[in-house]
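# A closer look at the structure
What follows is the residue order along each chain.
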Amino acid sequence: MLEDYIPASPPAYSAFYSNSFEGQGHHGGSAILVRRDIPCTSLELDTPLQAVAVKVFMDRPYTVCSLYLPPSVTVERGDLNHLVRDLPSPFILLGDFNGRHPLWGDCSVNPRGVLLASFIEDEGLGVLNMGDVTHFNSPTGTFTAIDISLCSPSALLDFTWRVLPDLYGSDHFPILLEGNRYEPQSRLPRWKLEKADWQFFRELTSLVSSVADFGSSDEAVTYFTDMLHSAALNSIPRTFGYFPKRPVPWWSPVCTTAVREKRAAFSRLRRNRGDPTLLEDFRRARARARRVLKEARRASWKAYVSSINTKTPLTQVFRRVRKMAGKFSPSSPPVLKVNGIKIMDGLKVANTMAEAFAKVSSRDSRPLAVRHELRAKERTVLDFTGNENESYNHIFTLRDLHSALSLCGDTSPGPDNIPYAMLRHLGEEAISFLLAVYNRIWLEGVFPSGWRVATILPFLKPGKDSGVALNYRPIALTSCLCKLFEKMVNVRLVYFLERGDFLSLSQSGFRKYRSTTDALVRLEAAACEAFARHQHLVCVFFDLEKAYDTTWQYGILQQLHLYGLRGRLPRFLKEFLSGRSFL
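You'll find the protein entered in an unreviewed UniProt entry as Reverse transcriptase, with Petrolisthes cinctipes given as the organism.

Shown next as structure tokens:
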């Protein structure tokens, strides 16, 4: 029975439950599990039946309703009619109906089956069943077809119905409905960097061209990116784009043999129904398989726990625990609400979010008086021309490049799909070519167009309504080639600010050898001093909403201009912020 205390959904799925009602037996309830990469939203049903409905968006919206009709409960025809008319079309109605009738492939008839057959005919529903048995009664060894899949007429040709041959530990056969027009969304293939042949990768990235051979830095960047991608395809394996299966670290060849023998015994029983000898063979094979799997899990867990000691890193322990528990949970596609209408189409959701995010950073979202004040201040043109001989304006060296690369973590790549790991394993020729590209961009002042593109990932803020676009935090994945260059520039900017004492001593964020601990120590010292002097201490904490999105870019450049920053470095920052050439 599905109880209210079910804490969470299975890994990688969103779960929707409907418990049994009072007077309908101790067992029952229905549930729908929707893979998290499929947009879905629950529907409210006004019915006394054990039913739950979800609207999913595939090639078009479908309403999926799971219904359980207990065998010992009297089903009213009016309740069935009301349920069907309450489901938005096109819909699929499926579940354990406990009705037997030749209409969906059963060999006998019971009163529930007669009622359902009449209901299907009067409502004009389509039957997706193809005549296969769907239930196995282990005590008696009999096969029945009590699981029915119905649909509205418009969806009858959209799906193909079939039964899987294995019970997978249940007494009902899994039923597979395959969409004839819908292709499930797959993940983008990812590099298996741990299995890369880096020596072969270095050989494939041996360059024969120089930066001077290209008409612009944009062409040089495109050539370098294509070269890295081509070399990676030949030296680094990739995933197939499918969502990973739940890992089973305790599985062994003995488990494989036991499960294979159980399936073979069941297959023989299914071909020769009613044979008592084959039924007993199947029961023994099933019990043996259960015992083998249970012992394998116990032995694997004991062996792992025994291997843990005081020197075992906690990250390694929790990684293994998550793997054993199958903790993979892809994020669910957002379902937005605009003017009371739910939007599940991926393209429409993306456009709605883009408009919402752009509006936040737009100047039009600010009060009119503030806009006039900002425009008045921005009439002053900031002139960053000056002495190019300052150290922060010099061309970059290999030492600068390697130093910045050592600061890069293993973050997700941008649209070019080039991670930092590839850059760390480049040969000397490729590294020298990359440095020459950076210096050409630095000298010419033309920012590559490919670096202006980012992949935006929306993450729902905790406790917020998932139907509002502004409740998502956008994370931008940009090119790692671009971010590496930014780190090189940032090192020089931070050195200039620190050397000139332009930063406040109280600022701890984004500074080397400083953290929130410094702020906490200052707060503790102030509190202790206030207690010692019998005084009050007032602390004010600010949380600026969308601080980065609403930052005044001209104000940043103006402050750098006041600090005396001139030359290529401030012009690069101007280009980076404004999106225009920084010459």
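## A closer look at the sheet that holds strand 4 (residues 50–57)
The strand order across the open sheet built from six strands is 3-4-5-6-10-7, with neighbouring strands paired in mixed fashion. Of all strands in the sheet, those with a lone pairing partner are strand 3 (40–43) and strand 7 (126–127), marking the two edges. Sheet topology places strand 6 (residues 91–96) next to strand 10 (residues 147–151); five bridges connect them, and they run antiparallel. The residue bridging leucine 93 from the neighbouring strand is leucine 150, located in strand 10.

## Details of the pairing of strand 6
Both faces of the sheet carry side chains from a regular strand, because those side chains alternate between them. Of all six residues making up strand 6, five are buried, and the element is well covered by its neighbours. With six bridges connecting them, strand 5 (residues 61–68) and strand 6 associate as parallel partners. By the bridge assignment, cysteine 65 is partnered in strand 6 with leucine 93. Taking the sense of rotation as the criterion, the β-α-β connection linking strand 5, helix 1 (residues 77–85) and strand 6 turns out right-handed.

## Some thoughts on the state of the cysteines
Considering all chains together, one arrives at zero disulfides under this definition. Here cysteine 539 stays unpaired: no disulfide links it, and the sulfur of cysteine 528, its closest cysteine neighbor, is 12 Å away. When its relative accessible area of 38% is taken as the criterion, cysteine 539 is described as partly exposed.

## Topic: the UniProt feature "domain: Endonuclease/exonuclease/phosphatase" (unreviewed entry) in the protein
This chain's UniProt record puts "domain: Endonuclease/exonuclease/phosphatase" (unreviewed entry) on residues 63–175. A distance of 18 Å separates the end C-alpha atoms of residues 63–175, which is 19% helix and 27% strand.

## Regarding the nonpolar core
By size, the foremost hydrophobic cluster in this structure holds 57 residues, and its most contacted members are Phe224, Leu423, Tyr438, Trp451, Leu484 and Phe485. Elements supplying a minimum of two residues to this core: helix 3 (198–204), helix 4 (217–235), helix 10 (398–406), helix 11 (420–424), helix 12 (428–444), helix 13 (480–499), helix 15 (553–562) and helix 16 (568–578). It is helix 13 that contributes the most residues to this core, ten residues altogether. Ignoring anything within four residues of it in the chain, the contact list for tryptophan 451 reads Val221, Tyr438, Ile441, Ser479, Leu481, Cys482 and Phe485. Judged by nonpolar contacts, the second largest core, of 30 residues, contains Val56, Met58, Val64 and Phe136.

## Looking at the pattern of salt bridges
Under the criterion given, the structure shown has 18 salt bridges. One salt bridge connects aspartate 158 with arginine 60, and the closest N-O pair in it is separated by 2.6 Å. Here aspartate 158, found in the loop between strand 10 and strand 11 (159–163), pairs with arginine 60, found in the loop between strand 4 and strand 5; they are 98 residues apart in sequence, far enough to count as distant. Taking relative accessible area as the criterion, aspartate 158 reaches 9% and is therefore assigned buried. Under the relative-accessibility criterion, arginine 60 is labelled partly exposed at 25%. Among the salt bridges present, the one from glutamate 123 reaches arginine 85, with a minimum N-O distance of 3.0 Å.

## A look at the packing of helix 5 (residues 253–271) against helix 6 (residues 276–307)
Following both chains from N to C, one finds helix 5 and helix 6 inclined at 160°, their axes separated by 8 Å at the closest point. When the axis of helix 5 is compared with that of helix 6, the two are roughly antiparallel. The two elements helix 5 and helix 6 cross, and the hand of that crossing is left-handed. Listed contacts from helix 6 to Val254, Cys255, Ala258, Val259, Glu261, Lys262, Ala265, Phe266, Arg268 and Leu269 of helix 5 are Leu278, Leu279, Asp281, Phe282, Ala285, Arg286, Arg288, Ala289, Val292, Leu293 and Ala296. Among the residues forming the contact of helix 5 with helix 6, the class breakdown is 15 nonpolar, no polar and six charged.

## So, the packing of aromatic side chains
Inspection of the entire model under this criterion finds 29 aromatic pairs. Taking the centre distance of 5.5 Å and the plane angle of 45° together, the rings of phenylalanine 173 and phenylalanine 266 count as tilted. Of this pair, phenylalanine 173 sits in the loop between strand 11 and strand 12 (175–179) while phenylalanine 266 sits in helix 5, and the two are 93 residues apart along the sequence. In this pair, the class of phenylalanine 173 matches that of phenylalanine 266, namely buried. Each residue in the set Phe396, Tyr438, Trp442, Phe447, Trp451, Phe485 and Phe572 is aromatic and connected to the rest through ring pairs, giving one cluster. In this structure, arginine 238 packs its charged tip against the face of tryptophan 191, placed 5.5 Å from the ring centre. Of note, arginine 270 hangs over the ring of phenylalanine 173, and the distance from its end group to the ring centre comes to 4.6 Å.

## Observations concerning the environment of leucine 398
Along the chain, the position of leucine 398 falls in helix 10. Using a relative accessible area of 38% as the deciding quantity, one classes leucine 398 as partly exposed. Apart from the residues lying within four places of it in its own chain, the contact partners of leucine 398 are Ile431 and Leu435.

## So, a nonpolar patch on the surface
A contiguous nonpolar surface patch, about 420 Å² in accessible area, is contributed by Leu520, Leu523, Leu537 and Phe541. Mapped onto the elements, leucine 520 comes out in helix 14 (residues 516–532).

## Things to note about the layout of surface pockets
Remark: the empty space left among the atoms is shown by a probe the size of a water molecule rolled over them. Put simply, the second largest pocket is a space of about 1,700 Å³. Contributing elements (two or more residues each) for the lining of the second largest pocket: strand 2 (30–35), strand 5, strand 6, strand 10 and strand 12. Broken down by element, the lining of the second largest pocket gets its largest block of residues, six residues, from strand 2. Grouping the amino acids of the lining of the second largest pocket by side-chain chemistry returns 25 nonpolar, eight polar and four charged.

## Here's the deal with helix 10
Among all positions of helix 10, only Leu401, Ala404 and Leu405 are buried. Across the axial projection of helix 10, the buried residues extend over an arc of 100°, all falling on one side. The outward face of helix 10, more than 90 degrees from its buried face, is lined by the exposed residues Arg399 and Ser406. Looking at the buried side of helix 10, the elements it contacts are helix 11, helix 12 and helix 13.

Definitions and limits used
Residues numbered from 1 in each chain as written. Predicted model: local features only at pLDDT ≥ 70, side-chain atom pairs only at ≥ 80, totals over all residues. Heavy atoms only, no water. Pairing = 2+ DSSP bridges. Helix = DSSP H or I, 4+ residues; strand = E, 2+ residues; numbered from the N terminus. Buried < 20%, exposed > 50% of the residue type's maximum accessible area, 1.4 Å probe, protein only. Right-handed = clockwise from strand over helix to strand, strands pointing away. Disulfide = S-S within 2.5 Å. UniProt positions renumbered as here; feature names shortened; annotations may be inferred. Core = buried A, V, L, I, M, F, W, Y, C linked by side-chain atoms within 4.5 Å. Contact = heavy atoms within 4.5 Å. Salt bridge = Lys/Arg side-chain N within 4 Å of Asp/Glu carboxyl O. Axes fitted to C-alpha atoms, helices over the stretch in contact; angles between N-to-C directions. Parallel < 35°, antiparallel > 145°, perpendicular 65-115°, else oblique. Left-handed = near helix turned anticlockwise from the far one by under 90°. Nonpolar A, V, L, I, M, F, W, Y, C, P; charged D, E, K, R; others polar. Phe/Tyr/Trp six-rings, centres within 6.5 Å; stacked < 30°, edge-to-face > 60°. Lys NZ or Arg CZ within 6 Å of the ring centre and 35° of its normal. Patch = residues over 30% accessible without salt bridge, like charges linked within 9 Å, V, L, I, M, F, W, Y side chains within 5 Å. Areas by Shrake-Rupley, 256 points an atom, 1.4 Å probe, with all protein chains shown as cover. 1 Å grid on protein atoms, 1.4 Å probe; cavity = no way out; pocket = protein on both sides within 12 Å on 5 of 7 lines; lining within 4 Å. Points joined across faces, edges and corners; volume = space filled by probe spheres on them. Arc of directions from axis to C-beta.

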